[in-house]
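Spelled out, the chains give:
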Amino acid sequence: MTTEREPARREPARRAPLDRTRVAETALALLNDVGLEGLTLRAIAKELDVKAPALYWHFKDKQALLDEMATVMFRRMEAGTALDEADTWQDRIRGACAGLRSALLAYRDGAKVFSGSRFTGTEHAVRMEENLRFFLDAGFTLADGVRAYTTATSYTVGFVIEEQGVVPLPGERREGYDVGERARRLAEFPLSAAAGAEIFADYDRHFADGLEIVIAGIAARYGKE
């Protein structure tokens, strides 16, 4: 007499463990849809299929979450990149600031997330150490190298905050920032009207030109060529 085998019982799929990095990555994925104002712990918890209180085991408040998100953004930005020892100090600043801008533009409100956040790990110090050593070798004092580098990166973050106020994501433009319409409204102020094309368009050129002004200022301030 034969008996039918019972079908093998399937084990329920194991959910990936909830940790700080997973929460931050989920938050970054949501950011393009909801923006910083709409990014709540409740919305993130729903995406993760957990209850909101579960997130408080990992983050005491929203700023703590933003710190972790900024850390993940930096980690992604640095992944696979290498410094070129043939760089001039000007090249190093250009490359760092261009890379930072690209990383921030990848997320709606990316610059606001990054601004004022505190990295939660120490991996950022690897690149920081390399850059500071590079500036020392180029003849800067430690204080002057720090000032030069942070001034350029602060310019970048501030620029992108303003840029994303007009163009939240590539191909998207906030209402009220049409250059032609602005010029028509300011027709009695011809210089101000014409300035709109310089302020609210061609952000790539605008950023590059502004960065060269910063670099020229650093060179003049510290007597570096």
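If you're wondering where the values come from, they're calculated on a predicted model, not measured in any experiment.

J.: Can you walk me through the UniProt feature "domain: HTH tetR-type" (unreviewed entry) in the protein in this structure?
T.: Within this structure's numbering, the places UniProt gives as "domain: HTH tetR-type" (unreviewed entry) are residues 17-77. Between the end C-alpha atoms of residues 17-77 there is a gap of 25 Å, over a span that is 77% helix and 0% strand.

J.: Honestly, helix α5 (residues 89-105) in this entry has me stumped. Any pointers?
T.: Since one α-helical turn is 3.6 residues long, residues separated by three or four positions face the same way. Its 17 residues place the ends of α5 24 Å apart at the C-alpha level, agreeing with the 24 Å of an ideal helix rising 1.5 Å per residue. Among all positions in α5, only W89, Q90, R92, I93, C97, L100, R101, A103 and L104 are buried. Elements that come into contact with the buried residues of α5 comprise α4 (62-78), α6 (110-114), α7 (124-137), α8 (142-166) and α11 (203-222).

J.: Before we go on, may I ask you to explain the packing of α7 against α8 in this structure?
T.: Two numbers describe a pair of packed helices, the interaxial angle and the distance between the axes. The interhelical angle for the contact between α7 and α8, taken along N-to-C directions, is 120°, at an axis separation of 9 Å. Comparing the axis directions of α7 and α8 gives the class oblique. Taken as a pair, α7 and α8 cross one another with a handedness that is right-handed. Between α7, through N131, L132, F135 and L136, and α8, the contact on the second element is made entirely by L142, G145, V146, A148 and Y149.

J.: I'm lost on the nonpolar core in this one. Help?
T.: If you look at soluble globular proteins, the nonpolar side chains tend to sit buried side by side. Counting 33 residues, the largest nonpolar core has I44, L65, M69, L104 and F114 as the members making the most contacts within it. Listing elements by their share of this core, those giving two or more residues are α1 (20-38), α2 (41-48), α3 (52-55), α4, α5, α6 and α8. Counting residues per element, this core draws most heavily on α4, which supplies nine residues. Dropping the residues within four chain positions of it, F114 is found in contact with A70, M73, F74, L100, L104, F119 and V157. Counting residues in each nonpolar core, the second largest holds 21 residues, with W89, Y155, I218 and A219 among its members.

Calculation criteria
- Residues numbered from 1 in each chain as written.
- Predicted model: local features only at pLDDT ≥ 70, side-chain atom pairs only at ≥ 80, totals over all residues.
- Heavy atoms only, no water.
- UniProt positions renumbered as here; feature names shortened; annotations may be inferred.
- Helix = DSSP H or I, 4+ residues; strand = E, 2+ residues; numbered from the N terminus.
- Expected span 1.5 Å × (residues − 1).
- Buried < 20%, exposed > 50% of the residue type's maximum accessible area, 1.4 Å probe, protein only.
- Contact = heavy atoms within 4.5 Å.
- Axes fitted to C-alpha atoms, helices over the stretch in contact; angles between N-to-C directions.
- Parallel < 35°, antiparallel > 145°, perpendicular 65-115°, else oblique.
- Left-handed = near helix turned anticlockwise from the far one by under 90°.
- Core = buried A, V, L, I, M, F, W, Y, C linked by side-chain atoms within 4.5 Å.

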